[in-house]
Amino acid sequence: MKSLRLIALLVACGAAAPAYGQNARLQLGNLDGLLPRAVETVDVTVDASLIQLASKFLSKQEPQQVAVREFLAGLQGVYVKAFEFDSDGAYSEADLEVIRAQLRGPGWERIVGVRSRRDGENVDVYIMPQGGNIAGLAILVAERRELVVVNVVGPIDLEKIGQIEGQFGIPRLDLDWSWAVKTRRR
Amino acid sequence: MSRLDDELRAALGRAEPPPDFTARVLARVAAEQAAATTLARPGVTRPRWRRALADLFRPLAWRPALAGALAAVIVAAGLGAGEYRRHRQERAEGERAKAQVMLALQIASAKLNVAQKKVQEHHRRGPGAKPAAHQQSN
């Protein structure tokens, strides 16, 4: 009987471990309904296996590509859905709420939230801190005629983000993420 | 008319073979068999024309080997082509994955840039605000 309990406990732990790791992955399927209304869409779904494959085609010698390679090494997925519309009100708050509800879940923390009534531009940046790193990153940009959701499933090495900024068209951000993680650790 | 009939009858008429015909045919067959047996024995050289003929048809004896070799070449070529196609496909998929990853990183970075600019604008307006705080601009 004891051994059965032990097995059940081990199975429960085994089931819980991957679930915890997958928390940073957002379900973005509801946004597919916006496809017919958008004039331009970008849909990027890159899972761990594709990241590994992509990494193989990055140079091991060129410092720039090495930096990207190292950044990608730990990632489990990169997901982007971007829609551009030719009129206002093409998407509803309900469309966004499905995403925001997930980001209100355990583990996520909003580090930036910008509401601009003048520009109608709303930007939210969420992270999922885990230890000294970030287990996930989510960016939600909702403008009048544009909706962008980016979900990076980590672990994201903060030091390596800086190494790839300013390369391959990636803007140099000079963002200091350390405060966000330190704030969380307290 | 009757002369022509006579000539035709004479030409097409049945003629009995000479009495030694059977003996001659049997003797010829025996001679042929004897010659073949003699040539088959080692050390006995064959006539030039027979050697030429044998050389001409020698590859026929290697047909199974030739067929095997050809099959091996075809299989190797097929495997090589398959491997090359697989490699090309993998390369194309890899390049596509790389492009997708780079696009995703560019979009993520661009949007982070937008967020950062907004926060900086807010800081310029009201210094001292915490960067993690929920910013609101009008």
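Note: the structure precedes this text.
Residues numbered from 1 in each chain as written. Chains lettered and ligands numbered in written order. Predicted model: local features only at pLDDT ≥ 70, side-chain atom pairs only at ≥ 80, totals over all residues. Heavy atoms only, no water.

(A) Highlighting the overall build of chain A. Helices and strands together make up the secondary structure of chain A, namely 6 helices and 6 strands. For chain A, the N- to C-terminal ordering of α and β elements is α-β-α-α-β-α-β-β-β-β-α-α. For chain A, the residues scored as buried account for 45% of the 186 residues in total. Within chain A, contacts between residues at least 6 apart in sequence are counted, and of these 61% link residues at least 24 apart. Only carbon and sulfur atoms are counted for the fraction: they give 53% of the accessible area of chain A, which is about 9600 Å². (Helix = DSSP H or I, 4+ residues; strand = E, 2+ residues; numbered from the N terminus. Buried < 20%, exposed > 50% of the residue type's maximum accessible area, 1.4 Å probe, protein only. Contact = heavy atoms within 4.5 Å. Areas by Shrake-Rupley, 256 points an atom, 1.4 Å probe, with all protein chains shown as cover.)

(B) View of the overall build of chain B. Looking only at helices and strands, chain B has 5 helices and 1 strand in total. The order of α-helices and β-strands along chain B, N terminus first, is α-α-α-α-α-β. Among the 138 residues that make up chain B, the fraction classed as buried is 15%. Total accessible area on chain B stands at roughly 10900 Å², and carbon and sulfur atoms take up 61% of it.

(C) Representation of the packing of aromatic side chains. Residues and elements named next belong to chain A. Scanning the model with the defined rule gives 2 aromatic pairs over all chains in all. Ring geometry for Phe83 against Phe85: centres 6.3 Å apart, planes inclined by 10°, an arrangement best described as stacked. Each member of the pair Phe83 and Phe85 is classed as buried. Centroid distance Phe85 to Tyr91: 5.7 Å. Interplanar angle 35°. Geometry classified as tilted. Exposure class is identical for Phe85 and Tyr91. Each is buried. Here a set of aromatic residues connected by ring pairs shows up, and it is made of Phe83, Phe85 and Tyr91. (Phe/Tyr/Trp six-rings, centres within 6.5 Å; stacked < 30°, edge-to-face > 60°.)

(D) Just unusual backbone geometry, in detail. For the bond from A:Gly154 to A:Pro155, the omega torsion is 15°, close enough to zero to count as cis. Position of A:Pro155 relative to the elements: it lies in strand β6 (residues 146-156).

(E) Broad picture of the pattern of salt bridges. Residue and element names in this part refer to chain A. Evaluation of the coordinates by the stated rule reveals 16 salt bridges over all chains. Between Asp88 and Arg145 there is a salt bridge, with its nearest N and O atoms 2.9 Å apart. A residue pair is termed long-range when its members are at least 10 positions apart, and Asp88 in the loop between β2 (77-84) and α4 (93-103) and Arg145 in the loop between β5 (133-142) and β6 qualify at 57 residues. The closest approach of N and O atoms between Arg110 and Asp124, which form a salt bridge, is 2.9 Å. Note that Arg110 is positioned in strand β3 (residues 109-116) and Asp124 in strand β4 (residues 121-130), a separation of 14 residues in sequence. Here the salt bridges share partners, and the residues they tie into one network are Glu93, Arg100, Arg110, Arg115 and Asp124. (Salt bridge = Lys/Arg side-chain N within 4 Å of Asp/Glu carboxyl O.)

(F) Structural context of the side chain of A:Asp124. Residue and element names in this part refer to chain A. The class of Asp124 is buried, set by a relative accessible area of 0%. Among the polar contacts made by the side chain of Asp124, one reaches the side chain of Arg115 at a distance of 3.1 Å. The residues touching Asp124, leaving out its near neighbours within four places in the chain, are Arg100, Arg110, Val112, Gly113, Val114, Arg115, Ala138, Ile139 and Leu140. (Polar contact = N/O pair within 3.5 Å; in protein donor to acceptor, adjacent residues only side chain to side chain.)

(G) Layout of the nonpolar core. A:Leu72, A:Leu75, A:Val125, A:Leu137, A:Ile139 and A:Val150 are the most contacted members of the largest nonpolar core, which has 36 residues in total. Among residues more than four places away in sequence, those in contact with A:Leu75 are A:Ile51, A:Val152, A:Val153, A:Gly154, A:Pro155 and A:Ile156. (Core = buried A, V, L, I, M, F, W, Y, C linked by side-chain atoms within 4.5 Å.)

(H) Structural context of the pairing of β2(A). Residue and element names in this part refer to chain A. Along β2, 7 of the 8 residues are buried, which leaves the element largely enclosed by surrounding structure. In the sheet, strand β1 (residues 40-47) pairs with β2 via 8 bridges, with the strands oriented antiparallel. Bridging from a neighbouring strand, Thr45 pairs with Tyr79 of β2. Sheet topology note: the β2/β6 ladder contains 8 bridges and is antiparallel. Residue pairing in the sheet places Lys81 in a bridge with Val149 of β6. (Pairing = 2+ DSSP bridges.)

(I) Highlighting the packing of helix α2 (residues 48-56) of chain A against helix α5 (residues 63-125) of chain B. The interhelical angle for the contact between α2(A) and α5(B), taken along N-to-C directions, is 105°, at an axis separation of 8 Å. If you check the angle between α2(A) and α5(B), you find them roughly perpendicular. On α5(B), the residues touching A:Leu50, A:Ile51, A:Leu53 and A:Ala54 of α2(A) are B:Glu90, B:Glu93, B:Gly94, B:Ala97, B:Lys98, B:Gln100 and B:Val101. Broken down by class, the residue content of the contact of α2(A) with α5(B) amounts to 6 nonpolar, 2 polar and 3 charged. (Axes fitted to C-alpha atoms, helices over the stretch in contact; angles between N-to-C directions. Parallel < 35°, antiparallel > 145°, perpendicular 65-115°, else oblique. Nonpolar A, V, L, I, M, F, W, Y, C, P; charged D, E, K, R; others polar.)

(J) Region of interest: the environment of A:Ser87. Residue position: A:Ser87 is located in the loop between β2 and α4. Along the backbone, A:Ser87 and A:Ala38 are 49 residues apart, and their C-alpha atoms lie at a distance of 9.2 Å.

(K) Local environment of the packing of helix α3 (residues 63-73) of chain A against α5(B). Two elements in contact, α3(A) and α5(B), have axes whose closest approach is 13 Å; the angle formed by their N-to-C orientations is 85°. Overall, the two elements α3(A) and α5(B) adopt an arrangement that is roughly perpendicular. Across from A:Gln65, A:Val68, A:Phe71 and A:Leu72 in α3(A), the residues of α5(B) making contact are B:Lys98, B:Val101, B:Met102 and B:Leu105. Across the contact of α3(A) with α5(B), the residue classes break down as 6 nonpolar, 1 polar and 1 charged.

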